[in-house]
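Coordinate inspection notes
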Amino acid sequence: MELGESSGQNRERWSYDVFLSFRGPDVRRTFLDHLYTSLVRSGIYAFRDDNELARGRSISPELLKAIQTSKIHLVVLSNSYASSSWCLDELVHIIRCFESDSGQIVLPIFYNVNPSHVRRQTGLFGESFYLHCFRHPESKAQQWKEALTYIGNLSGYHSPNWDTDAKMIDRVIRDILQRLPSSYLHLPTHAVGIRSRVSRIEKLMCFGLDDVQIIGIWGMAGIGKTTLAKATFNEFSHRFEGKSFLENFGDYLKKPKGKFHLQKKLLSDILRRDDAVFNNMDHAVEQRFRNKRVFLVIDDVDDMVQLHSVGIDLRCFGPGSRIIITTKNKHLLEQLDVENIYSPKELNHDESLELVSWHAFRSNDPPTKFLQLSKNMVDYCGGLPLAVEVLGAFLYKRSVSEWESTLESLKTIPDDNIQAKLQISFDALNAAQKDIFLDISCFFIRMDKDYVCCILNGCRLYPGIGLSVLKERCLITIHDNRLMMHDLVRDMGRYIVQGTSLKNCERWSRLWDRDHVIDVLANYSGTDATEGLSLKAEVTTAVDNLEAKAFSNLRKLRLLQLSHVALNGSYENFPKGLRWLCWVGFPEESVPIDLHLRSLVVMDMQKSNLKRLWINDQKPHEYLKELKYLDLSQAIQLTETPDFSYLPNLEKLFLVNCQRLVKVHKSIEVLQGSLILLNMSGCIKLGELPLELYTLKSLETLILSGCSQLERLDDALGELKSLTTLKADDTALTQIPSSSGQLKKLKELSLHGCMELWKDRHYTHSDESSQVALLSPLSLNGLNCLKTLRLGSCNLPDELVPANLGSLSSLEELDLQGNHFRNLQTDFAGLLSLQILKLDNCSRLRSMFSLPKKLRSFYARNCTVLERIPDLQECSVLQSLHLTNCYNLVETPGLEGLKTVGVIHMEMCNGIPYSHRERIMQGWAVAAHGGIFVPGSSLPDWVNFKNETRSISFTVPEPTLNSDLVGFTVGTTYVSQEDDVMSAYSPKITLKNQTKGDGWSRNLATDHIRMYREEHIWQGFFSNEDFLLETGDQVQVSVDFGDKVTILKTGLTLAYRKVIEVPNEQLTETDDGVDNELNENQRRPPRKVGMCLKTLLGAFCLLAFIFVLEKHGRSLSPHNHNRRDSDFDLVLVVLNLNRTLASVIPKRFVR
């Protein structure tokens, strides 16, 4: 059951706030009267038997019902409490309710009685109990004893710790007010997935710290920020002296007197006074909370101005306060220096399907005939809870045909409720930012950010700040430097473009749909309203029946994207204000002379039929001074680059896979102050570079990879002073100029596959060893900024490994794979920055000297003669180890001691003893890491649960004393009919909690499985933070490696973390400073503290013991008796100090 549902049900069924259990003669006319009066005055609805039940009626049924329907049970334990069967029966029923997960709370008051006497039934309390017991059956007496022992172990209030009864009563009332659900906030009935998300917020709240913490919940509209904040508020607000939830803060502030009402609510919520009057509300908001531990949620804040206008200063709250701010604007959180920010993720497919099922069918699974339609709905919603709820509720009790019609209509007309919610973020943008957003939603999704920035800069839309704002407001995301947008946000943007003219597409500012574009162009109905147009086709569906003059009415057009489109006729009246021309598959052999491009910023002509950009005698009428970006990649007819004198400000030039390109125009020297990137990879006919190219002082990136006829780089290479990246993989280069040492800014050098490198072409001697003697290794002197070096597949023997590799202090990645060295003598330990080392396919490698200490990833796959790797003990941050197919490997020293490695691939490493492999697996299972692949046919003996199939079912057992479940390790044995082949299937595990009805799918720590005909073992760890398994849960875990891999056995081991207990006496004998540790989730009476505290206290005592023992190990003489007595006094002092420290443990250590 989800948190929202259970909380809602519990809140509605309480008949009383407090049930009072007491022994009348002891306290009725004194302490209890004062307590009851205080409860009533505080607005707490309390039950006590002599006030609620009519005289003459049988008390038992009503009493039991009152216990069951009271939120809090306040048990006043006095010396004669145990002499009453009535009281003891009440207590048994109270404890049963408490243990039933009903959400009720038990608060004991030890009134003039020692908690240990209650717990053990000793002293005066025990005497009255045993005098009473002999008159009742032994079974009933045993129930009473267990109930008394249980409540004696609970934290409570001990009257001797208070100066007066009045002070204790005041504290009791304050604690009860904090725990009552009067501030309960309504949650959706089916808050799917909320529990795991609340647990993540709990971690960010850092309850162990006494400073003021601000937590941000940031995400797009409809993602569930408010619901999550409400669930968190309901879960934890009872821990604070004051609490307030200011919902829809930004919207409320816009209403008349909104500021006044927000301030009044904040003050009345936290101060618990509705009648308070303040002369200066701003001053009251700033000053009245300085000494209060407050929990404040400010929901849906848009900017700092809103917070300041209400007078909220987040620094003016008492120590231990927690403030949660929900917002769609991340920059607000950055302005507030919020470090703990949680961004809720979209619901996964299973969660979305469950949520749509609850709303549409009132069950957790859709009916069979609606299953595919429900999945289609889930795909449309993209995990956005708002969309799932709105559309699911709309389709409740509707037919299949209505579902189909709705899904079809949503393709063109989004739901109004979803649209309005999402559009709030758009409305907050300025004009330029709105244009950027609409441009992206119509044309630029999944495109490279730098490419799009170049276009938008040319449109003077200032994308540097604009894209940041869009990202902060969750309108876009950036992955792998590509602009991404949620499908519903994209549809919102396109719907805004359509506006009120749904059927008049010629009035839209942007056209992206093929049918609409062809309709406008075919009918010559374009207008000045259109700023952007995209018409994309494939080679097989090319469009070739349109006229160029159809664009004549699109005079404001700035963005044009065409793919496999041919235009007929003259371009004389073509739009002259284009900033972006992307024409994939341009059909002409040269750009028409009448196509005016003077405003063009980006010209993208990939896969064109161009032979030259312009015909020699038909150069353009004007210079393209605005052009920054030119891409002529895959123009297979192109033989030479354009005359760059007409492109004087070009910054990026792409000529990738221009397979007939033989000449780079010498006018490239005019770009020496502008060109920063030149990519000519795959130009297989290009044999030389003009000397003018080496004058490009601003060039930062030069890519020549795949230029298979390029044999040399000129000595002038060192003149490229700005060069940071040089890639010349798979070229015919025979040497690197010595001037390369002058490239002081070079960060990446890639020469992978340059097998001719360092060969002496004038040497003809047949003796290989003599030839090697004539060669010299690559010099890396002067490359002090180099971070990435790739020399893979260069046929390097031992003698030609660069001798000064160890001097590259900035090197982070080194690729030497596929070479011929046998004994790698480089001292990698001196490379303090090296994180990635690749030695795959070094089939002759037998030994290595050392490994870098900060190594994170080590690859040595297919090193078939390697027997031993260097000691891994110093590689304390190693995260992945890849030793697949190292058949002769017999030892991995130091691996067992590492606890950071997340992935270990040791497939086919049969030379390593199985006992060693098993120790590695067991170490990772205990240390809660995983992702291990080793040869083997049986699971280790220490695995808790085993089964002969790909799934396993188990019940989560009661943990051993003082331990918490932190996760579980899954292991399988598997085999395949394929051999040494990587599976295309992404492996995953599926977990179903049959007790709670939850289900999850999780991918493994590795993307794919390498398949073998020999049996192997996989082991992976999964954190309980994702699954929230609890004692008694019935769980099924299944492993899926795809159809080509057979799972033979499955095993599972639960992982626990040890903690220690604080002695019970220190918990029940509470004082004013510790009472607040009571919480609604009391389950096990002993409280726990971290291992660090145990170590501190233990070490303190041990040192004292050693100190005395050392002295008394000597012979004792009469004159030493005084010293001995003082020494034992010291031990007593230390032990008492130890005990005192334990009794005043800071609350932040209590779990």
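Computed from a prediction, not measured in an experiment: that's the story for all the values here. (Residues numbered from 1 in each chain as written. Predicted model: local features only at pLDDT ≥ 70, side-chain atom pairs only at ≥ 80, totals over all residues. Heavy atoms only, no water.)

Re the overall build of the protein chain
- When its secondary structure is counted, the protein chain shows 33 helices and 46 strands.
- Per-residue burial for the protein chain yields a buried fraction of 53% across its 1151 residues.
- Sequence separation of 24 or more characterises 64% of the internal contacts of the protein chain that already satisfy a separation of 6 or more.
- Working note: accessible area of the protein chain is about 51,400 Å², and carbon and sulfur atoms make up 48% of it. (Helix = DSSP H or I, 4+ residues; strand = E, 2+ residues; numbered from the N terminus. Buried < 20%, exposed > 50% of the residue type's maximum accessible area, 1.4 Å probe, protein only. Contact = heavy atoms within 4.5 Å. Areas by Shrake-Rupley, 256 points an atom, 1.4 Å probe, with all protein chains shown as cover.)

Description of the pairing of strand S8 (residues 294-298)
- Taking burial as the measure, the five residues of S8 include five buried ones, the bulk of the element.
- Here S8 shows a buried face lined by Val294, Leu296 and Ile298 and a second buried face lined by Phe295 and Val297.
- Inspection of the sheet shows strand S7 (residues 242-246) paired to S8 by five bridges, in the parallel sense. Directly across from Lys243, in S8, lies its bridge partner Phe295. (Pairing = 2+ DSSP bridges.)

Side note on the sheet that holds strand S3 (residues 70-77)
- On the basis of which strands lie adjacent, the open sheet formed by five strands has the order S2-S1-S3-S4-S5 and parallel pairing. Because the sheet does not close on itself, it has two edges, and the strands there are strand S2 (46-47) and strand S5 (157-158).
- Bridge count between strand S4 (residues 105-110) and S5: two bridges; the pairing is parallel. The residue of S5 that forms the bridge with Ile109 is Tyr157.

Concerning a negative patch on the surface
- A cluster of acidic residues, Glu978, Asp979, Glu1014 and Glu1015, forms a negative patch on the protein surface.
- Within the secondary structure, Glu978 sits in the loop between strand S37 (963-976) and strand S38 (981-982).
- Judged by its relative accessible area of 31%, Glu978 falls in the partly exposed class. (Patch = residues over 30% accessible without salt bridge, like charges linked within 9 Å, V, L, I, M, F, W, Y side chains within 5 Å. Salt bridge = Lys/Arg side-chain N within 4 Å of Asp/Glu carboxyl O. Lys, Arg positive; Asp, Glu negative; His and termini not counted. Charge placed at Lys NZ, Arg CZ, Asp CG, Glu CD.)

Topic: the confidence of the model for the protein chain
- Mean pLDDT for the protein chain: 84, with 85% of residues reaching 70 or above.
- Below pLDDT 50 for its whole length, residues 51-59 participates in eleven contacts with residues either more than four positions away or in separate chains.
- Here residues 1099-1151 is modelled with pLDDT under 50, and outside its nearest four sequence neighbours on either side it reaches 46 contacts, counting other chains as well. (pLDDT = per-residue confidence, 0-100.)

Some details on the packing of aromatic side chains
- If you walk through the whole model with that rule in mind, you get 30 aromatic pairs.
- Each ring, one from Phe98 and one from Tyr150, has its centre 6.2 Å from the other, and the planes form 85°; the classification is edge-to-face. On the criterion of sequence distance, the pair formed by Phe98 in helix H6 (residues 85-99) and Tyr150 in helix H9 (residues 138-152) is long-range, its members being 52 residues apart. The same class applies to Phe98 and to Tyr150, which are both buried.
- Measuring from centroid to centroid gives 5.7 Å for Trp1018 and Phe1041, while their planes differ by 75°, and the two rings are edge-to-face. Separated by 23 residues along the polypeptide, Trp1018 in strand S42 (residues 1016-1023) and Phe1041 in the loop between strand S43 (1034-1040) and strand S44 (1045-1058) bring together distant segments of the chain.
- Following the ring pairs from residue to residue traces out a cluster consisting of Phe207, Phe233, Phe236, Phe240, Phe245 and Phe295.
- The ring of Phe207 has Arg239 lying over it, and the distance from NZ or CZ to the ring centre is 4.3 Å. (Phe/Tyr/Trp six-rings, centres within 6.5 Å; stacked < 30°, edge-to-face > 60°. Lys NZ or Arg CZ within 6 Å of the ring centre and 35° of its normal.)

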